[in-house]
Amino acid sequence: MTCSPPKGATTEQLPAVAGLLGKQYDEGNLFGTRPMHSLWLVITALAAFLVAYRFYGAFLAAKVAVLNDRRITPAHRLRDDVDYHPTRRLVLFGVHFAAIAGSGPLVGPAFASQFGYFPGFCWIVIGSCLAGGVHDFVVLLASVRHNGKSLPQVARELLGPVVGAATTVATLFIIITTLAATGKVVVNALNESAWGTFTIVVTIPAALLTGFWMNKIRPGRVGEASLIGVTLVVLGVVVGQRFDDSTYRDLLVFSVDRLAIILPIYAAMVSILPVWVLLAPRDYLSSYMKVTVIGLLGIGILVANPTLKMPALTPFIAGDGPIPGTVWPFVCIVIACGALSGFHALIASGTTPKMVNRESDIRSIGYGAMLLEGFVSLTALIAACSLEPGDYFKVNTETSRYEQFVQRAEHKYGIDLRPRELNQLKEEAGVKEELAGRTAGAVSLALGMAKVLGNLPGMRPLMAYLYHFVIMFEALFILTLLETGTRVARFILQDAVGQLRGKPADNRQTAWIMNIATSLAVCGLWGYLLYNFEIGRLWLMNGIGNQLLAAIGLGLGTTYLLHTAPKRAYALCTAIPFVAVAITVYAAGVMSVYDWWLKQADPAFAAMAASNRLMCVLVTGILLLGAVILVAMIRRWVSILRTSPQIAGEPAAEESA
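Just so it is clear, the model here is predicted, and its values are computed rather than measured.

Conventions and cut-offs
- Residues numbered from 1 in each chain as written.
- Predicted model: local features only at pLDDT ≥ 70, side-chain atom pairs only at ≥ 80, totals over all residues.
- Heavy atoms only, no water.
- Helix = DSSP H or I, 4+ residues; strand = E, 2+ residues; numbered from the N terminus.
- Buried < 20%, exposed > 50% of the residue type's maximum accessible area, 1.4 Å probe, protein only.
- Contact = heavy atoms within 4.5 Å.
- Areas by Shrake-Rupley, 256 points an atom, 1.4 Å probe, with all protein chains shown as cover.
- Core = buried A, V, L, I, M, F, W, Y, C linked by side-chain atoms within 4.5 Å.
- Axes fitted to C-alpha atoms, helices over the stretch in contact; angles between N-to-C directions.
- Parallel < 35°, antiparallel > 145°, perpendicular 65-115°, else oblique.
- Left-handed = near helix turned anticlockwise from the far one by under 90°.
- Nonpolar A, V, L, I, M, F, W, Y, C, P; charged D, E, K, R; others polar.
- Polar contact = N/O pair within 3.5 Å; in protein donor to acceptor, adjacent residues only side chain to side chain.
- Salt bridge = Lys/Arg side-chain N within 4 Å of Asp/Glu carboxyl O.
- Phe/Tyr/Trp six-rings, centres within 6.5 Å; stacked < 30°, edge-to-face > 60°.
- Lys NZ or Arg CZ within 6 Å of the ring centre and 35° of its normal.
- Patch = residues over 30% accessible without salt bridge, like charges linked within 9 Å, V, L, I, M, F, W, Y side chains within 5 Å.
- Expected span 1.5 Å × (residues − 1).
- Bend = angle between axes of the 7 residues up to and from the residue.
- pLDDT = per-residue confidence, 0-100.

### What about the overall build of the chain?
Reasoning step 1: Helix and strand counts for the chain stand at 24 helices and 4 strands.
Reasoning step 2: Within the chain, buried positions represent 58% of all 657 residues.
Reasoning step 3: Counted over contacts in the chain with a minimum sequence separation of 6, partners at least 24 positions apart contribute 85%.
Reasoning step 4: Carbon and sulfur atoms make up 66% of the accessible area of the chain, which totals about 26,200 Å².

Written out as structure tokens, the structure reads:
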């Protein structure tokens, strides 16, 4: 990124501009700025995470929750070896981490890099330690002590049927927006990419063969199935290059619109199939991909110690970057799963609490897994910020707005955001499709990862495979999220329909019809958003809803701690982040609705007028629904605080058998 004085700027004003951009002039280090090496961020974050886990995590476990291994968990008390099944801590940690660490900790930091590396770094570290880890820990604790019930069910028990129903609707809304936003990441990553699409197509027979091998062909032979599945996935990346160079390439070249239709259809089919056929083996194989990629990236950062090309702060903290919005509150909205995520509450009150073997495991699984995800988010931030700013903004700015954005940056801030290394990186990565305007964050993250890993000894010639392996890795995890999320949304919708009917499906045929109908309804809803909205607005709407659900989770945790903690003051552990997150969410929501409402009346945005109005309606609706829930929680807190403190302990129904 080169810098020239802004129009009308004096020589005296240059230090402020240079300091903001971290610019080094040829004359020397005139303004005391030096490039930041990523290793310092890694060391600082790791130290913070270790201290937080050792001391704050221990305080939460011993003093706030009073974890007691003598209290029998639902996994033992209600064991059915279907949903309720005691699982070793290390195994359950891996299952829980794979479930919570979807696309959010990878894509969110890539988006937030437009503000510079410092805001994202601060939110990842502080958010993970003081908000996200506490949220996941307390929600998991409350669910375990309420027989492994889901977040809406726990809300219904603690706060009444009205709040429970409102939480159900809010949860369904947030899952649908999450599916649409993450689906857009896959669409923009695989758009016109034959190599990338080929690798994803190969994972389908690989997962099918893995599932049938473990369950039908050679039951219990997990090692054999793993070797076969992983080998096929890696071969898909290697053979994909030859396919990309062949005459059959056009068979797997899909446009954005076609991919936006294919994905919901695919997700609907998978959500209807038995879970062991495709979903479970794909989850299993994807866990190998996640460990491999994050491990390689961590080694690459430690060995190569890449310089961060993005400055600590960019001028776009004021709100005129590719994703509109000021650094606060939107850095907390854009980076969700990497620091705090309401989606985690669905996992911490879903499958995980039904598998907790001992209460003491809650600390490492609930609090520890969130800190590990924070580290994953940090590596993604470093990878994105290792790109030249001009290359980053070329990829992450909508093509229709790119020229205007570059001209405004040059006129207003005196910076040249034309790409510098993008063509070279594109050639080394073996990419034939155009990379400009792939705004979902996946491409910039893959380029950054390939660049970091390519700096390792002997790895430069393998950059094409590294890039497409990362693309496959991201798309594979997002497809897993689409499959799992669609299934979860189907369960929630079926439960809601059953409550309206007053009874569940009364026979197998009716249940099968209900499965198909609700799957198609869910996929139709998020497919509509996927087809009609661009990623910037979708990601913001998803972030607002996701963090609102996190506020609900923290509020529910506060209610639970006021009931059960040895000291009511311990409820401040969740109440303080609850207040901070609620203020942040509603600030972002109001600012976004105001911006979209102005744009729907602006002739320059006439093509998006209808979608902007719909965005306003949807976000306003979820904010009002959230307000109902949050007000009910606060009223309950006031009621509890007016009563005499009770002796710490659980209700009789929740005690050990």
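This is not the end of the story, as more comes after the structure.
### Regarding the environment of Leu340
Reasoning step 1: Among the structural elements, Leu340 can be located in the loop between helix 13 (327-334) and helix 14 (343-348).
Reasoning step 2: Non-local contacts of Leu340, meaning those with residues more than four positions away in its chain, are made with Trp123, Ala131, Gly132, His135, Gln547, Ala550 and Val581.

### Considerations on the nonpolar core
Reasoning step 1: By size, the foremost hydrophobic cluster in this structure holds 196 residues, and its most contacted members are Leu447, Tyr467 and Trp526.
Reasoning step 2: Per-element accounting of this core gives the leading share, 18 residues, to helix 20 (residues 463-501).
Reasoning step 3: Beyond its immediate chain neighbours, meaning those up to four positions away, Tyr467 contacts Ala429, Val431, Leu435, Val443, Ala446, Leu447 and Ala450.

### A few points about the packing of helix 7 (residues 151-159) against helix 22 (residues 535-564)
Packed helices, taken two at a time, are described by their axes: the angle between them and the distance between them.
Reasoning step 1: Contact geometry for helix 7 and helix 22: axes closest at 11 Å, N-to-C directions at 45 degrees. Of the possible angle classes, the one that applies to helix 7 and helix 22 is oblique. Judged by the sense of rotation from one axis to the other, the crossing of helix 7 with helix 22 is left-handed. Together, Leu151, Val154, Ala155, Leu158 and Leu159 of helix 7 and Leu549, Leu556, Thr559, Tyr560 and His563 of helix 22 make up the contact between the two elements.
Reasoning step 2: A per-class count over the contact of helix 7 with helix 22 returns 8 nonpolar, 2 polar and no charged.

### A closer look at the environment of Glu433
Reasoning step 1: Inspection of the secondary structure puts Glu433 in the loop between helix 18 (422-428) and helix 19 (442-454).
Reasoning step 2: In the structure, Glu433 is positioned 242 residues away from Asn191 in sequence and 8.2 Å away in space, judged by C-alpha atoms.
Reasoning step 3: If sequence neighbours within four positions are ignored, Glu433 has contacts with Asn191, Glu192, Ser193, Arg249, Lys426 and Arg438.

### Here we look at the side chain of Lys451
Reasoning step 1: In this structure, Lys451 sits in helix 19.
Reasoning step 2: For Lys451, a relative accessible area of 11% puts it in the buried group.
Reasoning step 3: Within the structure, the side chain of Lys451 is placed 3.0 Å from the backbone oxygen of Ser386, a separation counted as a polar contact.
Reasoning step 4: Beyond its immediate sequence surroundings of up to four residues, Lys451 is in contact with Lys309, Ser386, Leu387, Glu388, Glu421, Leu425, Arg460 and Met463.

### Regarding unusual backbone geometry
Reasoning step 1: Backbone torsion omega between Trp328 and Pro329 reads 10 degrees, so that peptide bond is classified as cis.
Reasoning step 2: Positionally, Pro329 belongs in helix 13.
Reasoning step 3: Although it is not a glycine, Val66 adopts a positive phi angle of roughly 50 degrees.
Reasoning step 4: As for its position among the elements, Val66 is in the loop between helix 2 (38-64) and helix 3 (74-77).
Reasoning step 5: Take Val66: its relative accessible area is 39%, and that puts it in the partly exposed class.
Reasoning step 6: If you check the backbone angles, Asn147 has positive phi at about 60 degrees while not being a glycine.

### Re the side chain of Glu373
Reasoning step 1: Within the fold, Glu373 resides in helix 15 (residues 361-385).
Reasoning step 2: Not counting the four nearest positions on each side in its chain, Glu373 is found in contact with Phe97, Ile100, Ala101, Pro105, Cys337, Gly338 and His344.

### A short note on the pattern of salt bridges
Reasoning step 1: Per the counting criterion, the structure on display carries 10 salt bridges.
Reasoning step 2: Residues joined by salt bridges that share partners form a network here, namely Arg71, Arg145 and Glu359.

### Overview of the packing of aromatic side chains
Reasoning step 1: All told, the structure shown has 13 aromatic pairs when counted by the stated rule.
Reasoning step 2: Where Phe93 meets Phe97, the ring centres are 6.5 Å apart and the plane angle is 10 degrees; that geometry is what we call stacked. Remark: Phe97 and Phe93 occur in helix 4 (residues 89-100); sequence separation between them is 4 residues, near one turn of the helix. Here the two residues Phe93 and Phe97 agree in accessibility, since each one is buried.
Reasoning step 3: Geometrically, the ring pair formed by Phe198 and Phe243 is stacked, given 4.8 Å between the ring centres and 20 degrees between the ring planes. With Phe198 in helix 9 (residues 194-217) and Phe243 in helix 10 (residues 222-245), this residue pair connects regions lying 45 residues apart in the sequence. Residues Phe198 and Phe243 agree in their burial class; the two are buried.
Reasoning step 4: Members of the aromatic cluster, each reached through a chain of ring pairs, are Tyr53, Tyr56, Phe59, Tyr367 and Tyr570.
Reasoning step 5: Above the plane of the ring of Phe55 lies Arg54, whose end atom (NZ or CZ) is 5.1 Å from the centre.

### Regarding a nonpolar patch on the surface
Reasoning step 1: A grouping of Val234, Leu235, Val238 and Val239 is seen on the molecular surface, where their side chains present a nonpolar patch of about 290 Å² in accessible area.
Reasoning step 2: Tracing the chain through its elements places Val239 in helix 10.

### So, helix 11 (residues 256-272)
Reasoning step 1: Taking 1.5 Å per residue, 17 residues should reach 24 Å; helix 11 reaches 25 Å between its end C-alpha atoms and fits that length.
Reasoning step 2: Those residues of helix 11 that fall on the buried side of the exposure criterion are Leu259, Ala260, Leu263, Pro264, Tyr266, Ala267, Ala268, Val270 and Ser271.

### Some points on the environment of Leu529
Reasoning step 1: The topology assignment puts Leu529 in helix 21 (residues 508-532).
Reasoning step 2: When its relative accessible area of 6% is taken as the criterion, Leu529 is described as buried.
Reasoning step 3: As a C-alpha pair, Leu529 and Thr177 span 352 residues in sequence and 7.7 Å in three-dimensional space.

### Here we look at helix 15
Reasoning step 1: The end-to-end C-alpha separation of helix 15 is 36 Å, in line with the 36 Å expected for 25 residues at 1.5 Å each.
Reasoning step 2: The sharpest bend along helix 15 measures roughly 35 degrees and falls at Gly368.
Reasoning step 3: Of all 25 residues making up helix 15, 23 are buried, and the element is well covered by its neighbours.

### Concerning the confidence of the model for the chain
Reasoning step 1: Looking at the chain as a whole, the pLDDT averages 82, with 87% of positions reaching at least 70.
Reasoning step 2: Of all secondary-structure elements in the chain, the lowest mean pLDDT belongs to helix 1 (residues 14-21), at 42, while helix 6 (residues 117-144) reaches the highest, 96.
Reasoning step 3: Every residue in residues 647-657 scores below 50 in pLDDT, and together they form 19 contacts with partners more than four places removed in sequence or on other chains.

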